[in-house]
Amino acid sequence: MIKTKSDLLEYMAADKIALGRKSNFPSINDYIWRYEILLRKCEYYSNCQYGLIRKLVGGWYRWRRSKLGAVCGFSIPINTVDKGLCIAHIGPIIISPHAHLGENCRIHVGVNIGADARAFNAAPQIGNNVYFAPGAKLFGAIKISDNIAIGANAVVNRSFEQVGISIGGIPAKKISEQGTEGILS
């Protein structure tokens, strides 16, 4: 969670590295990087700033993130994703406000990380270095360990505590001993 200006800069630098960007500023049509910067600035102004500045500047960043998120199809609440977020493509990505994703996660299009319908705040808690292939769906009070690769169109409704494996299928099961090694750099 971003608590200081140095945390903000650290998160933004880690996101830039995860996205593989070389320049210091996003180009006019780099919607993903622009969205991630707005996400981090919204977190900073929500967590760290108080008074009139927080209301004015934070509100402006929230408005811009909301508009860009609608264009890109992203619904990612603040304070749910640690540093090193890599969104691979523009397209629908939905994350519950009760979920938590660890560091260096790569998310592809069509991923849905949601709460259980019976218990609204029972959402997935996801470790570091997790890869979400296109169309992966995770829901419920589950825990996903570090270095796990989640296959395309997988439906994950139970916890996977073993580190460094691949899971896939409907419902998801372990399909390989190779996790994110070689996928995430």
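What counts and what doesn't
- Residues numbered from 1 in each chain as written.
- Predicted model: local features only at pLDDT ≥ 70, side-chain atom pairs only at ≥ 80, totals over all residues.
- Heavy atoms only, no water.
- Axes fitted to C-alpha atoms, helices over the stretch in contact; angles between N-to-C directions.
- Helix = DSSP H or I, 4+ residues; strand = E, 2+ residues; numbered from the N terminus.
- Parallel < 35°, antiparallel > 145°, perpendicular 65-115°, else oblique.
- Left-handed = near helix turned anticlockwise from the far one by under 90°.
- Contact = heavy atoms within 4.5 Å.
- Nonpolar A, V, L, I, M, F, W, Y, C, P; charged D, E, K, R; others polar.
- Salt bridge = Lys/Arg side-chain N within 4 Å of Asp/Glu carboxyl O.
- Buried < 20%, exposed > 50% of the residue type's maximum accessible area, 1.4 Å probe, protein only.
- Pairing = 2+ DSSP bridges.

**A look at the packing of helix H2 (residues 31-47) against helix H3 (residues 52-72)**
Here is step 1 of the chain: Where H2 meets H3, the closest approach of the two axes is 9 Å, and the angle between their N-to-C directions is 150 degrees. Judged on the interaxial angle alone, H3 and H2 are roughly antiparallel. In the packing of H2 onto H3, the handedness of the crossing is left-handed. Where H2 approaches H3, its residues Tyr31, Arg34, Tyr35, Leu38, Leu39, Lys41, Cys42, Tyr45 and Ser46 are matched on the opposing element by Ile53, Arg54, Val57, Gly58, Tyr61, Arg62, Arg64, Arg65, Leu68, Gly69 and Cys72.
Here is step 2 of the chain: Residues that form the contact of H2 with H3 fall into these classes: 11 nonpolar, 3 polar and 6 charged.

**A look at the pattern of salt bridges**
Opposite charge on two side chains makes pairing possible when the charged atoms of those side chains draw close.
Here is step 1 of the chain: Evaluation of the coordinates by the stated rule reveals 5 salt bridges.
Here is step 2 of the chain: Close ionic contact of Glu10 with Lys83 constitutes a salt bridge, the shortest N to O distance being 2.2 Å. You can see Glu10 sitting in helix H1 (residues 5-19) and its partner Lys83 sitting in the loop between strand E1 (74-75) and strand E2 (86-87), a full 73 residues away along the chain.
Here is step 3 of the chain: You can call Glu10 partly exposed: its relative accessible area is 37%.
Here is step 4 of the chain: Looking at Lys83, the relative accessible area reads 19%, which means it is buried.
Here is step 5 of the chain: In this structure, Arg21 and Asp30 form a salt bridge, with 2.7 Å as the shortest nitrogen-oxygen distance.
Here is step 6 of the chain: In this structure Arg21 comes out as partly exposed when scored by relative accessible area, which is 26%.
Here is step 7 of the chain: Residue Asp30 is classed as buried on the basis of its relative accessible area of 11%.
Here is step 8 of the chain: Here the salt bridges do not stand alone but share partners, grouping Asp15, Arg40 and Glu43 into one network.

**Topic: the sheet that holds strand E13 (residues 166-168)**
Here is step 1 of the chain: What the 6 strands build is an open sheet, ordered E2-E5-E8-E11-E13-E14; its pairing is mixed. Of all strands in the sheet, those bounded by a partner on one side alone are E2 and strand E14 (173-176).

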